[in-house]
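# Understanding the architecture of this molecule
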Amino acid sequence: MAEATQQSRAGNVADRNLALELVRVTEAAAIAGGHWVGAGDKNSADGAAVDAMRSFLSTVDFNGTVVIGEGEKDEAPMLFNGEQVGDGKGPASDVAVDPIDGTRLTALGMNNALAVIAVADGGSMFDPSAVFYMDKLVVGPEAADLVDLRLPVKQNVHLVAKAKGVKANQVTVCVLDRPRHQGLVDEIRATGARTRMILDGDVAGAIAACREGTGVDIMMGIGGTPEGIVTACAVKATGGVIQGRLAPTDDAEREKAAAVGLDVDRILTTDELVTSDNCFFAATGITDGDLLRGVRYRGRTITTQSIVMRSRSGTVRMVEAEHLAKKWEKYERNQG
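Residues numbered from 1 in each chain as written. Predicted model: local features only at pLDDT ≥ 70, side-chain atom pairs only at ≥ 80, totals over all residues. Heavy atoms only, no water.

An unreviewed UniProt entry annotates the protein chain as Fructose-1,6-bisphosphatase of Kocuria marina subsp. indica. Within the UniProt record for the protein chain, the comment given under Sequence similarities (unreviewed entry) is "Belongs to the FBPase class 2 family." The annotation that UniProt attaches to the protein chain under Pathway (unreviewed entry) is "Carbohydrate biosynthesis; gluconeogenesis." (UniProt positions renumbered as here; feature names shortened; annotations may be inferred.)

This part covers the domain arrangement of the protein chain. Along its sequence, the protein chain is carved into domain 1 (1-123 + 278-331) and domain 2 (133-273). For domain 1 and domain 2, the distance between their C-alpha centres works out to 24 Å. By the criterion of area lost to domain 2, the three top residues of domain 1 are Ile-68, Arg-104 and Asp-290, representing 27% of everything that side buries. Linking domain 1 with domain 2 are two salt bridges, by the criterion used here. At the junction of domain 1 and domain 2, the tally comes to four residue pairs in polar contact (both at pLDDT 80 or more). Only β3 (92-101), α4 (103-108), β4 (114-121), β10 (280-285), β12 (301-310) and β13 (315-324) provide two or more residues apiece to the side of domain 1 that touches domain 2. A class-by-class count of the residues in the side of domain 1 that touches domain 2 yields 16 nonpolar, five polar and five charged. (Domains from an automatic or database assignment. Buried area = accessible area lost by both parts, 1.4 Å probe. Salt bridge = Lys/Arg side-chain N within 4 Å of Asp/Glu carboxyl O. Polar contact = N/O pair within 3.5 Å; in protein donor to acceptor, adjacent residues only side chain to side chain. Helix = DSSP H or I, 4+ residues; strand = E, 2+ residues; numbered from the N terminus. Nonpolar A, V, L, I, M, F, W, Y, C, P; charged D, E, K, R; others polar.)

Quick look at the packing of aromatic side chains now. Any pair of aromatic rings gets described here by the distance separating the centres and the angle formed by the planes. Inspection of the entire model under this criterion finds three aromatic pairs. Ring centres of Phe-132 and Tyr-133 lie 5.0 Å apart, and the angle between their planes is 90°; this geometry places the pair in the edge-to-face category. Given the relative accessible area of 29%, Phe-132 is considered partly exposed. What makes Tyr-133 partly exposed here is its relative accessible area of 29%. (Phe/Tyr/Trp six-rings, centres within 6.5 Å; stacked < 30°, edge-to-face > 60°. Buried < 20%, exposed > 50% of the residue type's maximum accessible area, 1.4 Å probe, protein only.)

What follows is about the side chain of Thr-287. Along the chain, Thr-287 falls in the loop between β10 and β11 (296-298). Within the structure, Thr-287 has its side chain in polar contact with the backbone nitrogen of Ala-113 (distance 3.0 Å). Apart from the residues within four sequence positions on either side, Thr-287 is in contact with Val-37, Met-110, Asn-111, Asn-112, Ala-113, Leu-292, Arg-293 and Gly-294. (Contact = heavy atoms within 4.5 Å.)

The subject of this paragraph is the sheet that holds strand β8 (residues 218-224). Pairing within the open sheet is mixed, and its five strands lie in the order β7-β6-β8-β5-β9. Two strands lie at the open edges of the sheet, namely β7 (194-198) and β9 (241-246), each paired on one side alone. Recorded for the sheet is a direction-independent mean angle of 20° between the axes of neighbouring strands. As paired elements, strand β5 (residues 133-139) and β9 share six bridges and run antiparallel to each other. Among the inter-strand pairings, Lys-136 is bridged to a residue of β9, identified as Gly-244. Packing of helix α5 (residues 153-164) onto the sheet brings it into contact with β5 and β8, and relative to β8 it is tilted by some 135°. On the sheet, helix α8 (residues 225-238) packs against β5, β8 and β9 and is oriented at approximately 160° with respect to β9. (Pairing = 2+ DSSP bridges. Axes fitted to C-alpha atoms, helices over the stretch in contact; angles between N-to-C directions.)

Within the secondary structure, Thr-231 sits in helix α8. Accessibility expressed as a relative area gives 2% for Thr-231, which makes it buried. At a separation of 2.8 Å, a polar atom in the side chain of Thr-231 contacts the main-chain carbonyl oxygen of Glu-227. Once residues lying within four places of it in the same chain are set aside, the contact partners of Thr-231 are Val-203, Ala-206 and Ile-242.

The biggest cluster of nonpolar side chains holds 45 residues, and the ones touching the most others in it are Met-125, Val-138, Leu-273, Val-274 and Phe-281. Contributing elements (two or more residues each) for this core: β4, β5, β6 (172-176), α7 (202-209), α8, β9, β10 and β12. With seven residues, α8 is the largest single contributor of residues to this core. Composition of this core by domain shows at least three residues from each of domain 1 (1-123 + 278-331) and domain 2 (133-273). Residue contacts for Phe-281: discarding those within four places in its chain leaves Val-116, Ile-117, Ala-118, Val-203, Ile-207, Val-230, Cys-233, Ala-234, Ile-307, Val-308 and Met-309. The next biggest cluster of nonpolar side chains, apart from the first, holds 42 residues, and it includes Leu-18, Ala-30, Trp-36 and Val-60. (Core = buried A, V, L, I, M, F, W, Y, C linked by side-chain atoms within 4.5 Å.)

Next up, the structure:
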């Protein structure tokens, strides 16, 4: 049996056990970052989550390279692009991390902050380094074969409504609350559809669009390209779809994209954002949201709620966990 397990690991990024190992990683980040919810200090929140995620990742049985990490914008000393994570065993794998998707949400105590990680076969994740922003469209499996980012907003809303068997005014579209989206919001509301504006955290909004019972039917608008790739790993397990089109912010970024052979007018599909069908995605709620409940600190115990997905099997699991608080004391916020 042990020999067979080793052989299965030799052929792909990891076996099914990796899914639960990744939940341990996001739980750690959420518990550490969660101590800073509402404290008004997003940098300290992010730092705590990064420390915890990196510590737990070092114990995971896989050979990972961070291809989407904290990045230059965060001047991160850990979980930077190119960093090796895991214990180094097995074939190479791409790793995308966001210890807190929604640092501002965490600092302000607002909904939809998550700790997130995605893993796929080595070399399978789209390189987002040339253009940081992307126009995105995300829907669940009912309308996955119908929508198209090139279509007018009105047409996509009506296609989703028809696929779900509802009226357009019963469709809810998740949009990042940004001045750049005012025209998009006007178009959505002109169809009769409702908008759900979010301050940050479009990974949570995108996955909510693919899940029943979240109150979200579509996610639209311009957000981070790295978050789009993370979302693609999750979407593959739901049967939904993400479509993206790079959105350069200036001529310099447009030229940078052209220099590496990227067509900024091309529609990128789910399978182009992540070419592998062997993807893992895990997220743990930091604050309450459409997708997950946030961390609860209750005296001797800490409770978390997580979601873990595996594209190869199409399995989505919800994980409720209770942790003994004294085991996590080193991640507590210093009260001064």
